[in-house]
Amino acid sequence: MRLAELSERSGVAIATIKYYLREGLLPPGRRVSATTADYDEGHLRRLRLVRAMIQVGQVPVARVRQVLAHVDDESLGRTMRLGAALWALPHGSEQADGTGTGGEDGGGEDEATTAARAEVDQLLRTLGWSTARELGELSPVHRSLVAAVATLTRLGYPWDATLMAPYARLMHQVAVRDLDFVETFPSEAEKAETAVAATILFQPVLKALHRLAQEEESARRYGLE
C-alpha cells in the first residue's frame with residue numbers, strides 16, 4: 001500500500017507517519033521511486049502499536065524507540081525478548097530517575113522500604129516464583145512493587161505477603177491468558193509486539209473490570225442504599 005492508504009487504514013495523519021519514519025519508530029517502506037515507497041501489513045501493525053504506546057500509554061518517543069529495539073532484536077530468545085521489551089516500558093511506581101525505591105526524601109532506604117522488600121521476597125518464595133526472585137532488584141517491575149508496598153505501609157495500610165498472595169495468584173491466571181493470546185501470532189516479532197500492546201491496552205481494561213467488580217460486590221453485600 002502507498003502512504004495515503006496506510007494513513008487511511010490506520011487513522012494516522014500522513015505528517016505523523018512521516019515523523020515516525022524520521023524518528024525510526026516505523027521501518028522504511030520498500031522504495032519504488034525517488035519519492036514513493038510501498039508499505040505492507042507489518043507497517044500497519046507497527047503503526048498501531050506505536051500509536052497505542054504514545055496515545056494510550058503516554059510513553060515518550062525515546063522510550064518507544066527503546067521498546068521497539070528490543071521487539072526487533074532477533075538475537076534474543078523469546079523470554080528475554082518479551083522481558084526486555086516490557087521492562088523498557090515506564091513503570092509508574094519507580095522513582096523518576098529509575099534508581100530504586102528509597103525513602104521519600106531520596107536520602108536512602110527507609111524502614112518502610114526495607115519491610116516492603118522483605119514482604120515481596122516472602123511473597124515470591126510463597127508463590128514459588130523463582131525467576132522473579134532471582135532477578136530481584138534488576139527488574140523494574142520488582143522495584144515498582146516494592147515502592148508501592150512501601151508507600152502503602154507509610155500511609156498506614158501495611159500489605160504483607162499473606163495479603164498479597166491471593167491477588168498474585170489471580171494475576172498469574174491473567175498472565176496465562178495473556179501468553180495464550182500472544183502465542184496465537186506466528187512470528188517472534190509479532191509475539192513481542194502483541195505482548196507490548198497487551199500491556200498498554202489491557203491494563204486499563206483490567207482496572208475497569210476491577211472497579212466494576214468492586215461496585216457489584218459492594219451492592220451485593222450492602223445493598224444500593
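Residues numbered from 1 in each chain as written. Predicted model: local features only at pLDDT ≥ 70, side-chain atom pairs only at ≥ 80, totals over all residues. Heavy atoms only, no water.

Enquirer: Just checking my understanding: could you explain the side chain of Arg 46 for this structure?
Expert: With respect to the helices and strands, Arg 46 occurs in helix α3 (residues 41-56). By relative accessible area, Arg 46 is classed as buried at 6%. If near-sequence neighbours (up to four positions away) are discounted, Arg 46 is found in contact with Leu 25, Leu 26, Pro 27, Leu 68, Val 71, Asp 72 and Glu 193. (Helix = DSSP H or I, 4+ residues; strand = E, 2+ residues; numbered from the N terminus. Buried < 20%, exposed > 50% of the residue type's maximum accessible area, 1.4 Å probe, protein only. Contact = heavy atoms within 4.5 Å.)

Enquirer: Explain the packing of helix α4 (residues 61-71) against helix α5 (residues 78-88) here, please?
Expert: If you want to describe how two helices pack, look at the angle between their axes and the distance between the axes. Packing of α4 against α5 brings their axes to within 8 Å, and their N-to-C directions diverge by 175 degrees. Here α4 is positioned roughly antiparallel relative to α5, judged by the angle of their axes. Residues Arg 63, Gln 66, Val 67, His 70 and Val 71 of α4 pack against Arg 81, Ala 84, Ala 85 and Ala 88 of α5. In terms of residue class, the contact of α4 with α5 is built from 5 nonpolar, 2 polar and 2 charged. (Axes fitted to C-alpha atoms, helices over the stretch in contact; angles between N-to-C directions. Parallel < 35°, antiparallel > 145°, perpendicular 65-115°, else oblique. Nonpolar A, V, L, I, M, F, W, Y, C, P; charged D, E, K, R; others polar.)

Enquirer: In this structure, what is going on with the confidence of the model for the protein? I would like to understand it.
Expert: Low-confidence regions, as indicated by low pLDDT, have predicted coordinates that should not be scrutinised in detail. Taken over all residues, the pLDDT of the protein has a mean of 87, while the share at 70 or more is 92%. Across the protein, the element-wise mean pLDDT spans from 82 in α5 up to 95 in helix α6 (residues 111-127). For the stretch residues 93-105, pLDDT sits under 50, and the model shows 27 contacts to residues farther than four places along the chain or on other chains. (pLDDT = per-residue confidence, 0-100.)

Enquirer: What is the right way to read helix α10 (residues 188-222) from this model?
Expert: In this model, α10 (35 residues) spans 49 Å end to end at C-alpha, consistent with the 51 Å of a helix rising 1.5 Å per residue. Within the sequence span of α10, burial applies to Glu 190, Lys 191, Ala 192, Glu 193, Thr 194, Ala 195, Val 196, Ala 197, Ala 198 and Ile 200. Buried residues in α10 make contact with α3, α4, α5 and α9 (161-182). Where α10 terminates, the next one or two residues include Gly 223, which has phi positive at roughly 80 degrees. (Expected span 1.5 Å × (residues − 1).)

Enquirer: Teacher, can you tell me more about α6 here?
Expert: Each α-helix winds once per 3.6 residues, and so residues spaced three or four apart point in a common direction. Taking 1.5 Å per residue as the helical rise, α6 with its 17 residues ought to reach 24 Å, and the 24 Å between its terminal C-alpha atoms agrees with that figure. Inspection of α6 places Ala 112, Thr 113, Ala 116, Val 120, Leu 123, Leu 124 and Leu 127 among the buried residues, and these make up the whole buried set. Looking straight down α6, one finds its buried side chains confined to an arc of 105 degrees; they lie on one side. The inward-facing, buried residues of α6 abut α7 (130-135), α8 (140-154) and α9. Remark: Gly 128 follows α6 within two positions and exhibits a positive phi of approximately 75 degrees. (Arc of directions from axis to C-beta.)

Enquirer: Mind showing me how you'd approach the pattern of salt bridges here?
Expert: One side chain can pair with another of opposite charge once the charged atoms of both are near each other. The final tally for this structure, using the stated rule, is 16 salt bridges. One salt bridge in this structure joins Arg 46 and Asp 72, with 2.7 Å as the shortest N-O distance. A residue pair is termed long-range when its members are at least 10 positions apart, and Arg 46 in helix α3 and Asp 72 in the loop between α4 and α5 qualify at 26 residues. Each member of the salt-bridge network shares a partner with another, and the members are Arg 45, Arg 46, Asp 72, Glu 190 and Glu 193. (Salt bridge = Lys/Arg side-chain N within 4 Å of Asp/Glu carboxyl O.)

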